[in-house]
Amino acid sequence: MKVVGEQLQNWAQEQKEDLKKDMFGRSAFNRYYYAAYLETRKSLGELNPVWKNEKHRAMPNTLITTVRKPVIRELDKQVRKDIITKSERSKAVSSLKVATASLSDLLAEAYDLRCVADYEPEEPICIDNKLMSLKEYKLNSARDWPNKARAYCKTIRKIWRGAGLV
């Protein structure tokens, strides 16, 4: 999906007409969002098959509420059994909270921008030479959404694995 976004971004930047730049640019934002969302859905689905079917709007909240709970519960058990220290638990929980919150924010913002790109054509894409942006988001930054999502998912999986849940 990311490669499609990259191609659309390249096409957008090569167009002579602003209308074509706008259309391809909007589509590139859309593909970058989907690449990040699908990466997240796949990764979370490996942790819990129920999350494979998580809807777009629900995913950010699932990351904050549901994804954290089993890990925290398991780490608390390990502290009580003297398997890990309170410090180790704290470090793992802190890393998990940062990764899930960061990924949640990324997906929520990217989804909102994808909706603007798809459903609000009156909101123009700003074109400054080859730099394109929609609202305050630059297309070059959106290109990084899938990579960031992958990195956050990797951290989440590592913490789940460290807690013995996968």
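Residues numbered from 1 in each chain as written. Predicted model: local features only at pLDDT ≥ 70, side-chain atom pairs only at ≥ 80, totals over all residues. Heavy atoms only, no water.

Side note on the overall build of the protein
Here is step 1 of the chain: Secondary structure assignment for the protein yields 7 helices and 3 strands.
Here is step 2 of the chain: Sequence-ordered secondary structure for the protein, helices as α and strands as β, is α-α-α-α-α-β-β-β-α-α.
Here is step 3 of the chain: In terms of principal-axis extent, the alpha carbons of the protein reach across some 65 × 25 × 25 Å.
Here is step 4 of the chain: For the protein, the residues scored as buried account for 42% of the 166 residues in total.
Here is step 5 of the chain: For the protein, the proportion of contacts with a sequence separation of at least 24, taken over those separated by at least 6, is 67%. (Helix = DSSP H or I, 4+ residues; strand = E, 2+ residues; numbered from the N terminus. Buried < 20%, exposed > 50% of the residue type's maximum accessible area, 1.4 Å probe, protein only. Contact = heavy atoms within 4.5 Å.)

Side note on the nonpolar core
Here is step 1 of the chain: If you look at the biggest cluster of nonpolar residues, it comprises 43 residues, and the most contacted ones within it are Phe29, Leu63, Leu107, Trp145 and Ile156.
Here is step 2 of the chain: Mapped onto this core, the elements with two or more residues apiece are helix 1 (2–14), helix 2 (18–47), helix 3 (59–65), helix 4 (68–80), helix 5 (86–119), strand 2 (131–134), helix 6 (139–142) and helix 7 (145–162).
Here is step 3 of the chain: The dominant element in this core, judged by the number of residues it contributes, is helix 5, at 12 residues.
Here is step 4 of the chain: Among all residues touching Leu63, those that are not within four sequence positions of it are Thr40, Leu44, Arg68, Thr100, Leu103, Ser104, Leu107 and Ile156. (Core = buried A, V, L, I, M, F, W, Y, C linked by side-chain atoms within 4.5 Å.)

What to know about the sheet that holds strand 1 (residues 125–128)
Here is step 1 of the chain: The 3 strands are arranged 1-2-3 in an open sheet whose pairing can be described as antiparallel. In this open sheet, the two edge strands, each paired with only one partner strand, are strand 1 and strand 3 (137–138). (Pairing = 2+ DSSP bridges.)

Describing the layout of surface pockets
Take a probe with the size of a water molecule and roll it over the atoms, and the empty space left behind shows itself.
Here is step 1 of the chain: Within this model, the largest pocket holds a volume of roughly 200 Å³.
Here is step 2 of the chain: Leu75, Gln78, Ile84, Glu88, Lys91, Ala92, Ser95, Thr155, Lys158, Ile159, Gly162 and Ala163 are the residues that line the largest pocket.
Here is step 3 of the chain: Of all elements in the fold, only helix 4, helix 5 and helix 7 reach the threshold of two or more residues within the lining of the largest pocket.
Here is step 4 of the chain: For the lining of the largest pocket, the class distribution of residues is 5 nonpolar, 4 polar and 3 charged.
Here is step 5 of the chain: In this model, the second largest pocket occupies a volume close to 160 Å³.
Here is step 6 of the chain: What lines the second largest pocket is Ser102, Leu106, Glu109, Ala110, Glu136, Tyr137, Lys138, Ser141, Ala142, Trp145, Lys148 and Tyr152.
Here is step 7 of the chain: Elements that contribute at least two residues to the lining of the second largest pocket include exactly helix 5, strand 3, helix 6 and helix 7.
Here is step 8 of the chain: Of the residues that constitute the lining of the second largest pocket, the class distribution is 6 nonpolar, 2 polar and 4 charged. (1 Å grid on protein atoms, 1.4 Å probe; cavity = no way out; pocket = protein on both sides within 12 Å on 5 of 7 lines; lining within 4 Å. Points joined across faces, edges and corners; volume = space filled by probe spheres on them. Nonpolar A, V, L, I, M, F, W, Y, C, P; charged D, E, K, R; others polar.)

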